[in-house]
Each structure stands twice: as C-alpha cells, then as structure tokens.
Amino acid sequence: MGSISLLLVLSIVSWGATLLLQPRILADGRRTAGPGPSLMVPPFANDSGDPALNSFAKGITEDVIGGLIGFENVLVFGVDPRSRSGAETALRAAAPGVHIGYVLKGRISRAGNQIQITVTLLQAADNQHLWSGRFCREFSPNTMIDVPHDIAMQVAGVLAQPH
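Residues numbered from 1 in each chain as written. Predicted model: local features only at pLDDT ≥ 70, side-chain atom pairs only at ≥ 80, totals over all residues. Heavy atoms only, no water.

Draft legend 1. Layout of the overall build of the chain. Tallying secondary structure elements over the chain gives five helices and eight strands in all. Order of helices (α) and strands (β) in the chain, N terminus to C terminus: α-β-β-β-β-α-β-α-β-β-β-α-α. The long-range share in the chain, meaning contacts at least 24 apart out of those at least 6 apart in sequence, stands at 59%. Accessible surface for the chain amounts to roughly 9500 Å². Of this, 56% is attributable to carbon and sulfur atoms. (Helix = DSSP H or I, 4+ residues; strand = E, 2+ residues; numbered from the N terminus. Contact = heavy atoms within 4.5 Å. Areas by Shrake-Rupley, 256 points an atom, 1.4 Å probe, with all protein chains shown as cover.)

Draft legend 2. Representation of helix α5 (residues 147–159). Compared with an ideal rise of 1.5 Å per residue, which puts 13 residues at 18 Å, α5 spans 18 Å between its outermost C-alpha atoms and is within 8% of the ideal. With ten of its 13 residues buried, α5 lies for the most part within the structure. Of all the residues in α5, the buried ones are Val147, Pro148, Ile151, Ala152, Met153, Val155, Ala156, Gly157, Val158 and Leu159. (Expected span 1.5 Å × (residues − 1). Buried < 20%, exposed > 50% of the residue type's maximum accessible area, 1.4 Å probe, protein only.)

Draft legend 3. Structural detail: the nonpolar core. Judged by nonpolar contacts, the single largest core of 31 residues is most densely connected at Leu39, Leu68, Leu104, Ile117, Leu121 and Val155. Of all the secondary-structure elements, those providing two or more residues to this core are β3 (38–41), α2 (54–68), β6 (102–111), β7 (114–123), β8 (129–138) and α5. Residue contributions to this core peak at eight residues, all from α5. The residues touching Leu39, leaving out its near neighbours within four places in the chain, are Leu68, Leu75, Val76, Phe77, Tyr102, Val103, Leu104, Leu121, Val155 and Leu159. With five residues, the next largest nonpolar core counts Met40, Val79, Ile100 and Val103 among its residues. (Core = buried A, V, L, I, M, F, W, Y, C linked by side-chain atoms within 4.5 Å.)

Draft legend 4. A look at the pattern of salt bridges. Within the structure shown, the criterion is met by two salt bridges. Between Asp47 and Arg107 there is a salt bridge, with the nearest N and O atoms lying 3.2 Å from each other. Here Asp47, found in the loop between β4 (45–46) and α2, pairs with Arg107, found in strand β6; they are 60 residues apart in sequence, far enough to count as distant. Its relative accessible area of 44% is what places Asp47 among the partly exposed residues. Residues Asp150 and Arg137 are paired through a salt bridge, measuring 3.0 Å at the closest nitrogen-oxygen approach. One end of the pair, Asp150, is in helix α5; the other, Arg137, is in strand β8, with 13 residues separating them in the sequence. Residue Asp150 is classed as partly exposed on the basis of its relative accessible area of 24%. (Salt bridge = Lys/Arg side-chain N within 4 Å of Asp/Glu carboxyl O.)

Draft legend 5. How the structure looks around the environment of Lys58. Structurally, Lys58 can be placed in helix α2. Accessibility expressed as a relative area gives 44% for Lys58, which makes it partly exposed.

Draft legend 6. Molecular detail of the side chain of Ser38. You can see Ser38 is positioned in strand β3. At 3.0 Å, the side chain of Ser38 and the backbone nitrogen of Gly101 are in polar contact. In this structure, Ser38 is in contact with Leu75, His99, Ile100, Gly101 and Tyr102, ignoring residues within four places of it in sequence. (Polar contact = N/O pair within 3.5 Å; in protein donor to acceptor, adjacent residues only side chain to side chain.)

Draft legend 7. Highlighting unusual backbone geometry. At Asn127, a position not held by glycine, the phi torsion is positive, near 60°. Among the secondary structure elements, Asn127 is positioned in the loop between β7 and β8.

Draft legend 8. Highlighting the environment of Gly67. As for its placement among the helices and strands, Gly67 is situated in helix α2. Note: C-alpha distance between Gly67 and Pro148 (81 residues apart in sequence) is 7.0 Å.

Quick look at the structure:
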C-alpha cells in the first residue's frame with residue numbers, strides 16, 4: 001500500500017510540473033523560456049577514473065539541458081566545458097546581469113557494467129540542497145536513453161514547488 005501511495009504522489013508532482021512548466025514554441029519553431037526560475041548546469045563530473053566516459057558525461061549534461069529547456073518557465077544556462085574559469089565566472093562573463101537562482105550539479109561513476117549518475121539541485125544564493133537523485137542503470141544504450149528525461153522531469157517538479 002505504501003509503494004502505491006508513493007507512486008501516486010510522484011505521479012501527481014510530475015503531472016503538476018508538466019502543467020506548470022509547459023514548453024512554449026514560437027511561430028518559427030524555436031522554444032523559449034518565460035520568466036521563472038533560472039538554472040545553471042555545469043558539465044557533469046566524471047568520477048569513474050575512465051577517460052572514455054568524459055564524452056558520456058558531456059552528452060548526459062547536454063541531454064539534461066535539452067530536457068529542461070523544453071519547460072516554458074525555466075531559463076537554463078549551460079557552461080562550456082572548455083572554459084578555464086569556474087562555471088559561475090564563465091556564465092557571469094557571458095551573461096552579465098542574469099540572476100541564477102539554482103545550480104544543477106551532476107557526477108557520473110561506473111562499477112563494472114553499472115553506471116550511476118548522481119544529481120543535486122542547489123539554491124545558488126546559499127548552496128542549500130533542495131533535491132538530490134541517484135540514477136543507477138546497466139551501462140548500455142537501451143537503458144541509458146531515458147535517464148536525462150527522468151532527471152529533467154524530477155528537477156522540473158522541484159522547481160515548480162515554492163522555495
């Protein structure tokens with residue numbers, strides 16, 4: 001019974017986030033973000049020790065950003081992983097005057113054929129942890145395809161709540 005209640009609550013939060021944060025598509029096909037939370041997503045860190053996963057970490061970061069920009073009221077900033085300065089410094093230089101309300105950090109680790117992606121949503125002003133999620137999957141294209149979407153939906157659900 002408890003697992004059914006948890007599933008129901010998660011479904012309602014996901015549904016509410018979907019309603020509140022609907023993507024807005026302009027006449028020329030571009031998506032745009034309305035006023036609402038602003039989020040910086042620095043490149044996810046590769047904690048696996050395997051340099052081959054650097055491109056995987058970059059791809060997951062880009063896919064999560066892609067999922068988040070689909071929500072109308074979320075303004076998302078990615079940071080160029082080649083930037084030599086810190087993520088926040090790079091963003092401030094690229095977009096002065098932009099208020100960043102939240103930061104989404106991610107880490108990727110691997111053990112055998114299992115991959116774990118740990119994601120944390122912080123308030124930028126005080127580094128308060130608002131949410132953290134851990135996504136463990138077998139490392140294969142078929143099992144990894146939905147992870148960025150799952151992350152984006154859960155983050156959108158947290159951003160839709162008052163803080």
